[in-house]
Amino acid sequence: MSARPITLADVSRSLRIASVNVNGIRAAVRKGMSAWLETAEVDILTLQEVRAQPADLAAALPGWHLVSDEALAKGRAGVAIAAREPLDVWRVELGDDDLDSKGRWVEADIDVAGERVTVVSAYVFTGEADTEKQVSKYAFLDAMETRMPQLGDLAVITGDLNVGHREFDIRNWRGNRKKAGFLPRERAYVDRFTGAAGAEIETVDGERGTGLGWVDVGRRFAGEVDGPYTWWSNRGKAFDTDTGWRIDYHLATPRLAERVTDYRVVRAPSWDTRWSDHAPVVADYVFPG
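Please read these numbers as outputs of a predicted model, since none were measured by experiment. (Residues numbered from 1 in each chain as written. Predicted model: local features only at pLDDT ≥ 70, side-chain atom pairs only at ≥ 80, totals over all residues. Heavy atoms only, no water.)

> Outline the overall build of the protein, listing residues and values.
Broken down by element type, the protein carries 7 helices and 17 strands. Over its C-alpha trace the protein gives a radius of gyration of 18 Å, about what one expects of a compact globule, namely 19 Å for 289 residues. Projected onto its principal axes, the C-alpha coordinates of the protein cover approximately 45 × 45 × 40 Å. In the protein, which comprises 289 residues, the share counted as buried stands at 54%. Here the contacts in the protein between residues at least 6 apart in sequence split such that 66% fall between residues at least 24 apart. For the protein, the exposed area adds up to about 13000 Å²; of that, 48% sits on carbon and sulfur atoms. Considering the protein, the positive charge centre built from 37 side chains and the negative charge centre built from 45 side chains are found 5 Å apart. (Helix = DSSP H or I, 4+ residues; strand = E, 2+ residues; numbered from the N terminus. Rg over C-alpha atoms; globule rule 2.2 N^0.38 Å. Buried < 20%, exposed > 50% of the residue type's maximum accessible area, 1.4 Å probe, protein only. Contact = heavy atoms within 4.5 Å. Areas by Shrake-Rupley, 256 points an atom, 1.4 Å probe, with all protein chains shown as cover. Lys, Arg positive; Asp, Glu negative; His and termini not counted. Charge placed at Lys NZ, Arg CZ, Asp CG, Glu CD.)

Below is the structure:
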């Protein structure tokens, strides 16, 4: 890997970052992802649950420069970052050798108007309460919590974190309080991620911890309202009734969060026009010229 960050020559003052769990890149392209991307004017695209090898990813996104990390199990997980120019500085290491992070974490350094920005595509384990799957999820979140302060002051973690932070983030939150994705201990991680930097905070699970100071860009823009949701179950009529979860994020450092001028969830107009069970989350970041 090169030691030189990429330069986005055509993006001197703004950067549009879109993140989406594609639920299989080949299926997403077949269902219409490419048509959306042609008009979205995205500079950086972060992907989760790619479920494909690098050759498949390149075929799905012609003309884009790609870095990715595959899961060890074929057809599972997989994360990627796509950019308009070559991505020369990128990393996939997270945590120690005992942590299973393959296909779940990739970060890249990008030079925008002379400033280095670190972009991460993350796909946290779904988990399952009271099982080894949940143990793996907590280990991954622990590693994230350790890594976040090391990413620099212009950084954003995008992706499917598989945690609804607050009651606003899940339509049927009462019925999911004992299920993975809305367990108090999971939500406590996001309390610490977004708590005031260096402050001691009480988390939703009744424990105390130290805030890292990152900003949930989606919640800041939406305010104290239900949603907007980013994922809907394929069961029943969850999409039609907007019975969703907000589990896809842009978590930005305070200095980068100050640069956000717009944030939106690109919800499909109808169930049959979706190309993934997740919606893209898109943010625009500005940089002084």
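Structure shown, so let's carry the discussion forward.
> Kindly report on the packing of aromatic side chains, identifying the contributing residues and their values.
Applying the stated criterion across every chain yields a total of 7 aromatic pairs. Plain terms: the ring middles of Trp 36 and Trp 275 are 5.6 Å apart, the flat faces sit at 40° to each other, and that makes the pair tilted. Of this pair, Trp 36 sits in helix α2 (residues 33-40) while Trp 275 sits in the loop between β16 (260-265) and β17 (281-286); the two residues are 239 residues apart in sequence, bridging distant segments of the chain. Trp 275 shares its class with Trp 36; the two are buried. Ring centres 6.4 Å apart and planes at 55° place the aromatic pair Tyr 189 and Phe 193 in the tilted group. Of this pair, Tyr 189 and Phe 193 both sit in helix α5 (residues 184-194), 4 residues apart, which is roughly one turn of that helix. Judged by its relative accessible area of 2%, Tyr 189 is buried. Taken together, the ring pairs in this structure connect Trp 105, Phe 125 and Phe 140 into an aromatic cluster. When the ring centre of Phe 182 is taken as origin, the NZ or CZ atom of Arg 187, which lies over that ring, is 4.1 Å away. If you follow Arg 192 out to its NZ or CZ, it ends over the ring of Tyr 189, 4.7 Å from the centre. (Phe/Tyr/Trp six-rings, centres within 6.5 Å; stacked < 30°, edge-to-face > 60°. Lys NZ or Arg CZ within 6 Å of the ring centre and 35° of its normal.)

> Would you mind going over the nonpolar core in detail, with residue names and values included?
Formed by 38 residues in total, the largest nonpolar core has its most connected members in Ile 44, Leu 256 and Tyr 285. Within the residue set of this core, elements represented by two or more residues are β2 (14-21), β5 (79-83), β7 (105-112), β8 (115-123), α7 (254-257), β16 and β17. Here the element with the most residues in this core is β7; it accounts for 4 residues. For Tyr 285, the residues in contact, after removing those within four places along its chain, are Arg 13, Ser 14, Leu 15, Ile 17, Val 156, Val 217, His 250, Leu 256, Arg 259 and Val 260. Grouped together as the second largest cluster of nonpolar side chains are 23 residues, Val 120, Tyr 138, Phe 140 and Leu 183 included. (Core = buried A, V, L, I, M, F, W, Y, C linked by side-chain atoms within 4.5 Å.)

> Could you give an account of the sheet that holds β5, with specific residues and numbers?
In space, the 6 strands of this open sheet follow the order β4-β5-β3-β2-β17-β16, with mixed pairing throughout. Lying at the two open borders of the sheet, with one neighbouring strand each, are β4 (65-69) and β16. Ignoring which end each strand starts from, the neighbouring axes of this sheet average 15° apart. In the sheet, β2 pairs with β17 via 6 bridges, with the strands oriented antiparallel. Residue pairing for β17: Ala 18 is matched across the bridge by Val 282. Contacting β2, β3 (44-48) and β17, α2 crosses the sheet at an angle of about 155° to β3. (Pairing = 2+ DSSP bridges. Axes fitted to C-alpha atoms, helices over the stretch in contact; angles between N-to-C directions.)

> Please give an account of helix α4 (residues 132-147) that cites residues and values.
Given a rise of 1.5 Å per residue, 16 residues ought to cover 22 Å, and the 23 Å separating the end C-alpha atoms of α4 matches this to within 8%. Where α4 is concerned, the buried positions are Gln 134, Lys 137, Tyr 138, Phe 140, Leu 141, Ala 143, Met 144, Glu 145 and Arg 147. Where α4 is buried, its residues contact β6 (90-91), β7, β8, β9 (155-160) and α5. (Expected span 1.5 Å × (residues − 1).)

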